[in-house]
Amino acid sequence: MPQHDGQQKFPGSLNSAMIDGATGHAAQEYANHFGQPGYNDISRVYIGQSYEGYSDENQEVWRTLYDRQMGYLESMASSVYLTGARSIKLVREYIPYIEGPKSINNYLAKLTGWQSRAVPGYLPAKAFFACLARREFPTTIVIRPKESLDYLPEPDIFHDVFGHVPLHADPVFGDFLQTYGKAAATTDDPQHVERLARLFWFTVEFGLIREGGKVKLYGSGLISSPGESRHSLESKEVDRRPFDLETVCGTSFEIDHYQPILYVLESFDQLRDAMNQYAMRILEGQPARA
Ligand SMILES: [Fe+2]
């Protein structure tokens, strides 16, 4: 996936010791080889969160990001996102715990069985999909430096947990994401691979949904970005199209500027049902285009 490919780490990360130790390197090395002979145990790409590694400044960055965005989201985000955020007890006071009694995983386990798993950095696509197929979400644990509050080229824990994880508390979205992972982990057809990357981009990362007659945010790239969330809903430059799987899969995207085209779901059932049909085609070995 565009946001999950490659091997780079944060260049200037304030807490890179949390991922750059021997354990982090071994996990990343395993992820880089995942799928090759002898590298089939996806659990070996996971690491601990090393929560004590967060500095006071890291915690302050979390509070600042939370404060800047949650007020806006209360009226502009999907009710499914907001319900999920409350269900996993996402709070402004501290960076979320991934493991342990106060953790988001503790709540998710009871709701949908999804879990977040700390990873040392980007996962190659096949490893990323293998995690999703198991209802496990690879989660970056570092947080952006305070000098880079507005823009960073890679995910951090604010993008991954604040942006993505609340939707994992919803059974319909949770089923969609697992089915997506199973299908993407299965196919090597380059056309399917490209189409699935577009589907991920225009839904999980940058999706909009209509609720109560209003267009709301749910994609993590919008949820976690004060600039792009407002642009996506308010700009006259944005072409907001009704979601249609074939149209979405046929639409290319660029990653380095605000998205000029976005797709609007009518419901998460629509997304799950479309994914189920597409997954069936992939699992039956049908080509990308009939
Ligand atoms: Fe993402």
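Only a predicted model underlies this, so the values are computations on that prediction, with no experimental measurement involved. (Residues numbered from 1 in each chain as written. Predicted model: local features only at pLDDT ≥ 70, side-chain atom pairs only at ≥ 80, totals over all residues.)

Caption draft 1: Local environment of the pairing of strand S1 (residues 115-119). Across the five residues that make up S1, a large majority, four, are buried. Sheet analysis places S1 next to strand S2 (residues 136-140), joined by five bridges and oriented parallel. Within the sheet, the bridge partner assigned to Gln 115 lies in S2 and is Glu 136. Crossover handedness for the path S1 to helix H6 (residues 125-133) to S2: right-handed. (Buried ≥ 20, exposed ≤ 12 C-beta atoms within 10 Å, placed from the backbone. Helix = DSSP H or I, 4+ residues; strand = E, 2+ residues; numbered from the N terminus. Pairing = 2+ DSSP bridges. Right-handed = clockwise from strand over helix to strand, strands pointing away.)

Caption draft 2: Representation of the packing of helix H8 (residues 171-186) against helix H13 (residues 268-283). Where H8 contacts H13, the axes come no closer than 9 Å and their chain directions differ by 20°. The angle between the axes of H8 and H13 places the two elements in the roughly parallel class. Once H8 is placed against H13, the crossing between them reads as left-handed. Contacts between H8 and H13 involve Val 172, Phe 173, Asp 175, Phe 176, Thr 179, Tyr 180, Lys 182, Ala 183 and Thr 186 from the former and Phe 268, Asp 269, Leu 271, Arg 272, Met 275, Asn 276, Tyr 278, Ala 279, Ile 282 and Leu 283 from the latter. Split by residue class, the contact of H8 with H13 holds twelve nonpolar, three polar and four charged. (Axes fitted to C-alpha atoms, helices over the stretch in contact; angles between N-to-C directions. Parallel < 35°, antiparallel > 145°, perpendicular 65-115°, else oblique. Left-handed = near helix turned anticlockwise from the far one by under 90°. Contact = placed C-beta atoms within 7 Å. Nonpolar A, V, L, I, M, F, W, Y, C, P; charged D, E, K, R; others polar.)

Caption draft 3: A look at the nonpolar core. Core analysis: the largest hydrophobic core is formed by 77 residues, its most contacted members being Val 45, Ala 127, Tyr 180 and Tyr 218. In this structure Tyr 180 touches Leu 132, Phe 200 and Met 275, once residues within four positions along its chain are discounted. (Core = buried A, V, L, I, M, F, W, Y, C linked by C-beta atoms within 7 Å.)

Caption draft 4: Quick look at the confidence of the model for the protein. Chain-level pLDDT for the protein is 92 on average; 94% of the residues reach the 70-or-more range. Long-range and interchain partners of residues 1-12, a stretch whose pLDDT sits below 50, account for 29 contacts in this model, where long-range means more than four residues apart. (pLDDT = per-residue confidence, 0-100.)

Caption draft 5: Region of interest: helix H2 (residues 22-33). Over its twelve residues, H2 runs 17 Å from end to end, which matches the ideal 16 Å to within 8%, given 1.5 Å per residue. Of all the residues in H2, the buried ones are Gly 24, Ala 27, Gln 28 and Ala 31. Down the axis of H2, the smallest arc covering the buried residues is 100°, so these residues share one side. For H2, the secondary structure elements touched by its buried residues are helix H1 (17-20), S1 and H6. Following H2 by one or two positions, Gly 35 has its phi on the positive side, about 100°. (Expected span 1.5 Å × (residues − 1). Arc of directions from axis to C-beta.)

Caption draft 6: Seen up close, the sheet that holds strand S6 (residues 261-265). Pairing within the open sheet is mixed, and its four strands lie in the order S4-S3-S6-S5. Each of the sheet's edge strands pairs with one partner strand only, and the pair in question is strand S4 (214-217) and strand S5 (239-242). Sheet twist, expressed as the average angle between the axes of neighbouring strands with direction ignored, equals 40°. Pairing analysis gives four bridges linking S5 to S6, with the strands arranged parallel. The residue bridging Arg 241 from the neighbouring strand is Tyr 263, located in S6.

Caption draft 7: Just H6, in detail. Turning to H6, its buried residues are Ala 127, Phe 128, Phe 129, Ala 130, Cys 131 and Leu 132. Buried residues along H6 sit in contact with H2, S1, S2 and H8. Positive phi shows up at Arg 135, right after H6, with a value of about 60°.

Caption draft 8: Local environment of the pairing of S2. Burial analysis of S2 places five of its five residues in the buried class, which makes it a mostly covered element. Every second residue of S2 is oriented toward a common face, with Glu 136, Pro 138 and Thr 140 on one face and Phe 137 and Thr 139 on the other, all of them buried.

Caption draft 9: Quick look at the environment of Tyr 258. One can find Tyr 258 in the loop between helix H12 (245-249) and S6. Residue class for Tyr 258 comes out partly exposed when judged on the 18 C-beta atoms lying within 10 Å of it. Taking the C-alpha atoms as reference points, Tyr 258 and Lys 89, separated by 169 residues in sequence, lie 30 Å from one another. If we ignore the near neighbours within four places in the chain, the residues touching Tyr 258 are Glu 228 and His 231.

Caption draft 10: Representation of unusual backbone geometry in the model. Of note, the phi angle at Ser 50 is positive, near 50°, even though the residue is not glycine. Here Ser 50 is to be found in the loop between H2 and helix H3 (56-76). The exposure class of Ser 50 is partly exposed, given the 16 C-beta atoms found within 10 Å. The phi dihedral of Lys 89 falls on the positive side, at around 60°, and the residue is not glycine.

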